[in-house]
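A look at the structure
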Amino acid sequence: MSKLQKILVRARRQVFSEMVGNNPSIFQGEGYDFIELREYMPGDDIRHIDWNITAKLQKPYIKVFREERELNVVIVSILNGSVHFGSKKFKQEVIAEVSALLSFSTLKNGDLLSSYIFTDRMISNTRPSKKLYQIQKNVDEILNFDAIGEKLDFKAISDTLFKRLKRKSLILVIGDFFEIPDFKLLAKKHEVVALIVRDHLEEKPPKMGFSSLVDPESGATLEGDFNASSVVAYAKKVHAHDRALYKQLRKDQIRFSKIYTDTNASVALRRLFEGK
């Protein structure tokens, strides 16, 4: 069985049985109209509680919604050179797995799915559809894309999506986020979620002594003595970058989750979209 087939089979099994169970989707959309308020009943989603009315009446009340339309889900895979890295599994492969999980969940829920691949430009995209074949096409393209030497331009990504997506959408951006995006404008028009794919070794590398490293994005070679002090200094820089990244995402009201190459992506996704 090829790597593509393994990813598709595993993702479909997780979505249609293990991962989702009786739930219609791993994420909830915004395609609902408010109808009325009613008193809270055991089993109701606490996220729908109207706290203002609850405080006034001294009883919990929830908002009741009516489904208005199907959700438009847009999966954006960012394949710049740095995703060509992994101690046990390349980040690029994990991005393909995450894309497959989200895609199957979207179609199981009856929502519209479209996908994009970006570097510093748009590489490809699919039109909104409910066809299963487009999942295989997108995952195959992610797996076989040559990311080495490719750079990243978050402004180009944000501007392109803002212009192309006319209808309010749930945009799921998958990448390693070693640059900090400005999705403020995009997040005002759509719901944006950042899925940060990382490998533990690039955040806390081991002591390697004198080594030569090649930047998969620029092709530049870095030589030096990667001893204990230099490794600690590097880890601190990554940590500081991530603090700034999280601060920016929260400022732009963008939910996010970090998924490591050696963990179960479906668990991280479930926790994110269930708010755990």
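Keep in mind that what you see is a predicted model, and the values were worked out from it rather than measured.

This paragraph deals with a positive patch on the surface. There is a patch of like positive charges on the surface, built from K184, K188, K247 and K251. Listing elements by their share of the positive patch, those giving two or more residues are α6 (184–189) and α8 (228–251). Looking at the element boundaries, K251 is found in helix α8.

The next point concerns the confidence of the model for the chain. Here the chain shows a mean pLDDT of 87. Residues at 70 or above account for 90%. Taken as a whole, residues 19–31 scores under 50 in pLDDT and shows 43 contacts with residues more than four places along the chain or in a different chain.

Attention now goes to the pairing of strand β3 (residues 72–78). A large share of β3 lies buried, amounting to seven of its seven residues. Going residue by residue along β3, you find N72, V74, V76 and I78 tucked away on one face and V73, I75 and S77 tucked away on the opposite face as well. Bridge count for β3 against strand β4 (residues 112–118) is seven bridges, and the pairing is parallel. From the neighbouring strand, I78 faces β4, where its bridge partner is F118. Once the chain exits β3 it traverses helix α3 (residues 91–108) before rejoining the sheet at β4, and the crossover so formed is right-handed.

This brings us to unusual backbone geometry. One non-glycine residue, F177, adopts positive backbone phi at about 55 degrees. Among the structural elements, F177 can be located in the loop between β6 (170–175) and α6. Classification of F177 by relative accessible area gives buried; the value is 1%. Despite not being glycine, Q253 shows a phi value in the positive range, around 60 degrees. Among the structural elements, Q253 can be located in the loop between α8 and β10 (255–260). The class for Q253 is exposed, based on a relative accessible area of 73%.

The rules we used
Residue positions within a chain follow its written sequence, with the count starting from 1. Predicted model: local features are reported for residues with pLDDT of at least 70 only, side-chain atom pairs are reported and counted for 80 or more only, and whole-chain, interface and lining totals are derived from all residues. Water and hydrogen atoms were dropped before computing side-chain values, which therefore reflect all heavy atoms in the structure. Residues qualify for a patch when their relative accessible area is over 30% and they have no salt bridge, like charges being joined within 9 Å and the nonpolar side chains of Val, Leu, Ile, Met, Phe, Trp and Tyr within 5 Å. Using a 1.4 Å probe, accessible areas were evaluated by the Shrake-Rupley method; residue-level cover was limited to the displayed protein chains. For this analysis, a salt bridge means a side-chain nitrogen from Lys or Arg found within 4 Å of a carboxyl oxygen belonging to Asp or Glu. His residues and chain termini do not enter the charge count, which takes Lys and Arg as positive and Asp and Glu as negative. Lys charges are placed at NZ, Arg charges at CZ, Asp charges at CG and Glu charges at CD. In DSSP terms, a helix is any run of H or I states spanning at least four residues, a strand is any run of E spanning at least two, and both are numbered starting from the N terminus. As a per-residue measure, pLDDT tells how confident the predictor is, with possible values from 0 to 100. Contacts: residue pairs with any heavy atoms within 4.5 Å of one another. Three exposure classes are used, based on accessible area relative to the maximum for each residue type with a 1.4 Å probe and protein chains only: buried under 20%, partly exposed in between, and exposed over 50%. DSSP-based pairing: two strands are paired if at least 2 bridges between them are found. The handedness of a crossover follows from its direction of travel: if, with the strands pointing away from the viewer, the path from the first strand over the helix to the second runs clockwise, the crossover is right-handed.

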